[in-house]
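Listed here are the chains, written in short residue letters.
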Amino acid sequence: MTGVANPRELPRRLHWWLSISDPGRVRVRDAWAAALSVCLAIVAMALTSIVLEQKLDTITVSGFMAMQGALMVKDRTLREREITTALLLAPAIAGVSVAAVLNAHWLAEDVGLVLAVFVAVWVRRFGPRGTALGMVGFFGYFFGLLTHATVDALPMLILAIAVGVASSLLVRVAIIRERPRLQLQRLSSSLRVASRAVLDAALAADRSSPRRLHAQLDRLGETAMAVDDWQDRFRTARHVDVSAGELSARVFEAQISMEQAASALWEQDPSFPPPAPLRDSVAALRAVLARSVSADQVASARASVDAARDDADGTGPAGVAVTAVRHAVHAQAAIHAIRPLPASAHWPVGRESAAGKGMAGRGMAGQGAAADNGPTRWWHARQWDPATRAAIQAAIAAAIATVLGDLISADRWYWAVLSSFMIFYSTTTRGGILTKAWRRVFGTILGVAGALLVVVLIGHHPVVQLALLVVCVFLALYFGPLSYTLLTFFSTILLATAYELLGVLNLKILEWRVEETIAGAAVGIAASYFVLSTRSHPVLLGTIRAYLGVLDTLIARCADAVLRPGHEEELLLISRELDGALAEVVEAAEPLRVVGSPQHRRDARKWERQLKLNSRSAHELARAGVLAQDEDESSGPSRATADAFRRAAEHVRQNVAVAVGQIDGERVSEPDLETETVVMNVLETLPPHEDAEGTLRGAVRGLSRVNRTLPDFERGAGVGRRPSLVRVD
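Rules behind the numbers
Residues numbered from 1 in each chain as written. Predicted model: local features only at pLDDT ≥ 70, side-chain atom pairs only at ≥ 80, totals over all residues. Heavy atoms only, no water. Helix = DSSP H or I, 4+ residues; strand = E, 2+ residues; numbered from the N terminus. Buried < 20%, exposed > 50% of the residue type's maximum accessible area, 1.4 Å probe, protein only. Contact = heavy atoms within 4.5 Å. Areas by Shrake-Rupley, 256 points an atom, 1.4 Å probe, with all protein chains shown as cover. pLDDT = per-residue confidence, 0-100. Axes fitted to C-alpha atoms, helices over the stretch in contact; angles between N-to-C directions. Parallel < 35°, antiparallel > 145°, perpendicular 65-115°, else oblique. Left-handed = near helix turned anticlockwise from the far one by under 90°. Core = buried A, V, L, I, M, F, W, Y, C linked by side-chain atoms within 4.5 Å. Phe/Tyr/Trp six-rings, centres within 6.5 Å; stacked < 30°, edge-to-face > 60°. Lys NZ or Arg CZ within 6 Å of the ring centre and 35° of its normal. Patch = residues over 30% accessible without salt bridge, like charges linked within 9 Å, V, L, I, M, F, W, Y side chains within 5 Å. Salt bridge = Lys/Arg side-chain N within 4 Å of Asp/Glu carboxyl O. 1 Å grid on protein atoms, 1.4 Å probe; cavity = no way out; pocket = protein on both sides within 12 Å on 5 of 7 lines; lining within 4 Å. Points joined across faces, edges and corners; volume = space filled by probe spheres on them. Nonpolar A, V, L, I, M, F, W, Y, C, P; charged D, E, K, R; others polar. Polar contact = N/O pair within 3.5 Å; in protein donor to acceptor, adjacent residues only side chain to side chain. Expected span 1.5 Å × (residues − 1).

## Comments concerning the overall build of the protein
For step 1, the next point in the chain: Within the protein one finds 27 helices and zero strands.
For step 2, the next point in the chain: The buried share among the 729 residues of the protein stands at 51%.
For step 3, the next point in the chain: Here the analysis covers contacts within the protein between residues at least 6 apart in sequence; of these, 81% occur between residues at least 24 apart.
For step 4, the next point in the chain: Carbon and sulfur atoms make up 60% of the accessible area of the protein, which amounts to about 32800 Å² in all.

## Notes on the confidence of the model for the protein
For step 1, the next point in the chain: Residues with a pLDDT of 70 or more make up 85% of the protein, whose mean pLDDT is 83.
For step 2, the next point in the chain: Predicted confidence in the protein is weakest over helix α16 (residues 364–371), with a mean pLDDT of 38, and strongest over helix α5 (residues 89–101), with 93.
For step 3, the next point in the chain: Contacts from residues 346–374, a stretch scored under 50 in pLDDT, to residues over four places away or in other chains number 51 contacts.

## Details of the packing of helix α20 (residues 462–479) against helix α21 (residues 484–502)
For step 1, the next point in the chain: Relative to each other, α20 and α21 sit at 160°, their axes nearing to 9 Å. The pairing of α20 with α21 is recorded here as roughly antiparallel in orientation. Considering the relative orientation of α20 and α21, their crossing is left-handed. Contacts between α20 and α21 involve Pro462, Gln465, Leu466, Leu468, Leu469, Cys472, Val473, Leu475, Ala476 and Phe479 on the former and, on the latter, Leu486, Leu487, Phe490, Ser491, Ile493, Leu494, Thr497, Ala498, Glu500 and Leu501.

## Topic: the nonpolar core
For step 1, the next point in the chain: If you look at the biggest cluster of nonpolar residues, it comprises 86 residues, and the most contacted ones within it are Met65, Phe138, Phe139, Phe421 and Val473.
For step 2, the next point in the chain: At nine residues, helix α7 (residues 127–146) tops the list of elements feeding residues into this core.
For step 3, the next point in the chain: For Phe138, the residues in contact, after removing those within four places along its chain, are Leu113, Ala116, Val117, Ala120, Leu418 and Phe421.
For step 4, the next point in the chain: Of all hydrophobic cores here, the second largest spans 50 residues; its members include Phe252, Leu554, Ile555 and Ala604.

## Quick look at the packing of aromatic side chains
For step 1, the next point in the chain: In total, this model carries 18 aromatic pairs according to the counting rule given.
For step 2, the next point in the chain: Relative to Tyr499, the ring of Trp415 has its centre 6.2 Å away and its plane inclined at 40°; by these criteria the two rings are tilted. Of this pair, Trp415 sits in helix α18 (residues 414–422) while Tyr499 is found in helix α21, placing the two residues 84 residues apart along the sequence.
For step 3, the next point in the chain: Classification of Tyr499 by relative accessible area gives buried; the value is 12%.
For step 4, the next point in the chain: Of the aromatic side chains, those joined through ring pairs into one cluster are Phe64, Phe138, Phe139, Phe142, Phe143, Trp413, Tyr414, Trp415, Phe421 and Tyr499.
For step 5, the next point in the chain: Above the plane of the ring of Tyr484 lies Lys436, whose end atom (NZ or CZ) is 4.9 Å from the centre.
For step 6, the next point in the chain: The ring of Trp415 has Arg513 lying over it, and the distance from NZ or CZ to the ring centre is 5.5 Å.

## Concerning a nonpolar patch on the surface
For step 1, the next point in the chain: The grouping of Ile396, Ile400, Val403, Leu404 and Leu407 at the surface amounts to a nonpolar patch, some 430 Å² of accessible area in total.
For step 2, the next point in the chain: Of note, Val403 is situated in helix α17 (residues 386–408).

## Here we look at empty space enclosed by the protein
For step 1, the next point in the chain: Tallying each qualifying case throughout the model produces four cavities of 30 Å³ or more.
For step 2, the next point in the chain: As a volume, the largest cavity reaches approximately 50 Å³.
For step 3, the next point in the chain: Around the largest cavity sit Leu184, Ser188, Leu191, Val227, Leu247, Val251, Ile335 and Ile338, which together line it.
For step 4, the next point in the chain: Those elements giving two or more residues to the lining of the largest cavity turn out to be α9 (180–202) and α11 (244–266).
For step 5, the next point in the chain: Looking at the lining of the largest cavity residue by residue, the classes come out as seven nonpolar, one polar and no charged.

## Observations regarding the side chain of Asn614
For step 1, the next point in the chain: Position of Asn614 among the secondary structure elements: in helix α25 (residues 598–629).
For step 2, the next point in the chain: For Asn614, a relative accessible area of 0% gives the class buried.
For step 3, the next point in the chain: Within the local environment of Asn614, its side chain forms a polar contact with the side chain of Thr709, the two groups lying 3.0 Å apart.
For step 4, the next point in the chain: Those residues in contact with Asn614, other than ones at most four positions away along the chain, are Tyr547, Leu551, Val706, Thr709 and Leu710.

## A short note on unusual backbone geometry
For step 1, the next point in the chain: Even without being a glycine, Ser426 presents a positive backbone phi close to 70°.
For step 2, the next point in the chain: Mapped onto the fold, Ser426 is located in the loop between α18 and α19 (430–458).
For step 3, the next point in the chain: Looking at Ser426, the relative accessible area reads 48%, which means it is partly exposed.
For step 4, the next point in the chain: Not every positive phi belongs to a glycine, and Leu532 is a case in point at roughly 50°.

## Digging into the pattern of salt bridges
For step 1, the next point in the chain: Scanning the model with the defined rule gives 25 salt bridges in all.
For step 2, the next point in the chain: Residue Asp22 pairs with Arg27 through a salt bridge whose shortest N-O separation is 3.9 Å. In terms of burial, Asp22 and Arg27 fall into one category: buried.
For step 3, the next point in the chain: When the shortest N-O distance is used, the salt bridge between Arg76 and Asp229 registers 3.3 Å. Linking Arg76 in the loop between α3 (59–72) and α4 (78–87) with Asp229 in helix α10 (residues 211–233), this pair joins segments that are 153 residues apart in sequence.
For step 4, the next point in the chain: On the basis of relative accessible area, Asp229 is assigned to the partly exposed category, the value being 26%.
For step 5, the next point in the chain: Where salt bridges share partners, they join Arg29, Asp30, Arg81, Glu178 and Arg233 into one cluster.

## Observations regarding the environment of Ala276
For step 1, the next point in the chain: Looking at where Ala276 falls in the secondary structure, it is placed in helix α12 (residues 276–288).
For step 2, the next point in the chain: In this structure Ala276 comes out as partly exposed when scored by relative accessible area, which is 37%.
For step 3, the next point in the chain: Here the alpha-carbon distance between Ala276 and Asp311, two residues 35 residues apart in the chain, equals 8.9 Å.

## Quick notes on the packing of α3 against α7
For step 1, the next point in the chain: Contact geometry for α3 and α7: axes closest at 10 Å, N-to-C directions at 165°. Regarding the angle of α3 to α7, the classification is roughly antiparallel. For the crossing formed where α3 meets α7, the hand is right-handed. Contacts between α3 and α7 involve Val61, Phe64, Met65, Gln68 and Met72 from the first element and Ala132, Met135, Val136, Phe139, Gly140 and Phe143 from the second.
For step 2, the next point in the chain: For the contact of α3 with α7, the residue count by class is nine nonpolar, two polar and no charged.

## Structural notes on helix α22 (residues 507–530)
For step 1, the next point in the chain: End to end, α22 covers 35 Å across 24 residues, agreeing with the expected 34 Å (1.5 Å per residue, within 8%).
For step 2, the next point in the chain: N-cap assignment for α22: the residue whose side-chain oxygen lies 3.0 Å from the backbone N of Lys508 is Asn506.
For step 3, the next point in the chain: The positive-phi residue at the C-terminal boundary of α22 is Leu532, with phi of around 50°.

## Brief notes about the environment of Gly127
For step 1, the next point in the chain: Note that Gly127 resides in helix α7.
For step 2, the next point in the chain: Here Gly127 falls in the partly exposed class, since its relative accessible area comes to 22%.
For step 3, the next point in the chain: Expressed as a C-alpha distance, the spacing of Gly127 and Lys74, which sit 53 residues apart in the sequence, is 9.4 Å.

In structure tokens form, the structure reads like this:
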């Protein structure tokens, strides 16, 4: 083999990378829309300025406002995003108008800047729309200060803002419209690619560490969640031939069955050749996960895996793996069977179920739990809304950064203010702010180095530089959701290229850029630590508490579903709420993993890893409950089995309560040793002829794994040594 990749393989590799890293290619679309919006805004404002015989300096305002319209608007549905984009005009005009009125009064200008920062952060409490309007209002005021706007200059500035917002709205509404059917097709393809990556990781020859498998399982979960996000944004029954609830069920089954198949395949000994039925099953799974597969090939794969199941020994590990792979093949076949509807056709509105439309509520459990702190007294700062505390911190930081920035450079003081302000965007804890600050500084330093390289390689060639501006906008928006460092890196190159295009770039400006960024970041960090500080560790524990609350609900509902077959328990919705709660845990843990103390870093990594395992175990339990919902009411277990399973579920729920108690600082007494086998004892009540693939057996396995994967919060809760939670197998 050679180290050079086959050129014919590049399209396939690019498709694989895009499918894994950007399910549905949503980021590609958003980044391209932003770049096109900026281009349209700059061209339109340049032509307008020429016609009106005005200077071209307002084109930067138009371009920046177009970029903000694409970057800041993050509402759930298409209509909400269009409305928010249109509303951006009002706060932007208000901001620049106030700046123009206060232009002759420097003290009033500075006070206005501090108030603009406060309002921009405070309105985050009103959700994505409040965040977008607040940020654009701040930048309207900021550009008014930056351009030393006067009342006489307001018409051109307002026109520049209007052109920028209109360009963003035009691209969003008319040029690059949402294409729901194509997005869902791409998401389905991404789901297959992610499943194929999980399969490859599960069959890897090196079984020394499951880290790669866990990473691919995480990607699979993110892709499944992306489909749920699609359902939040569009009405499923208008675009495909299944209802919202049916699509949710099929995607959930595809994800969970793939997780179980990967677990079963991982347990196989790679040093021995697999038996023929398992080999045929894996081949059938690979066939349905191919990039392009026909209906006949899907049917052939289903027949092959069914035959392999009949030939396999169902009692051994290989037989269990064959059964799990068979479920995965049938689940993928169900995804393949979904067909897009013609543009003019849609299901009746009544076909939309709560299972498909209720996903927008996932993750709210943690917020609700955190909000229930009793009556709020205004003089108790610790009870204030996090957005209010962050707004005060950001305002104080902006006031100090204004002074420090002016000391560094009277011409570029605004970089310090921007740095101190932007590190408060989308975070409220001091760990999150510290993480964002150092990433902004690091990205700026790398961006300055990259800018110097670009200047040397390109020189002063306006056409090439304009093209580079568009590329930087695209890359900043594409990689920004993944890495704040990369967002800052490409933004710095974008800024330096614009200065070089205007003929004002020099080493001193780049030096000021770094110094002002460091000064603003340092002020922001200081404000987050010494003014109404919000620690990251309690926030993490709060999200874990919320996760355990949803887990407790899921266990209770799954137990009801298994014991009362045929009854709807909304398990898909609760399972996705659990996934949302886990996502909030991961987000809250990131600052501690990056800048926390050694103990906090270890705790955050350990709890995140254990909760991910616990979540997958809960998926297995939820799948059993979902299957029970489709069974006949008369297929319920015997009274003895039902009583045993109910005791087992209550036992696991008590262990969940123990974990919550640990987080709250409670000491845990030694559990009764006689209860250590209470979950698996349910199987002893089943008749000998009970199907090994039966719903109840699956529920017992899932319940046992949920119990075994509950984390130990002893150290994080700050309590003394406690007995381990009951672990049963």
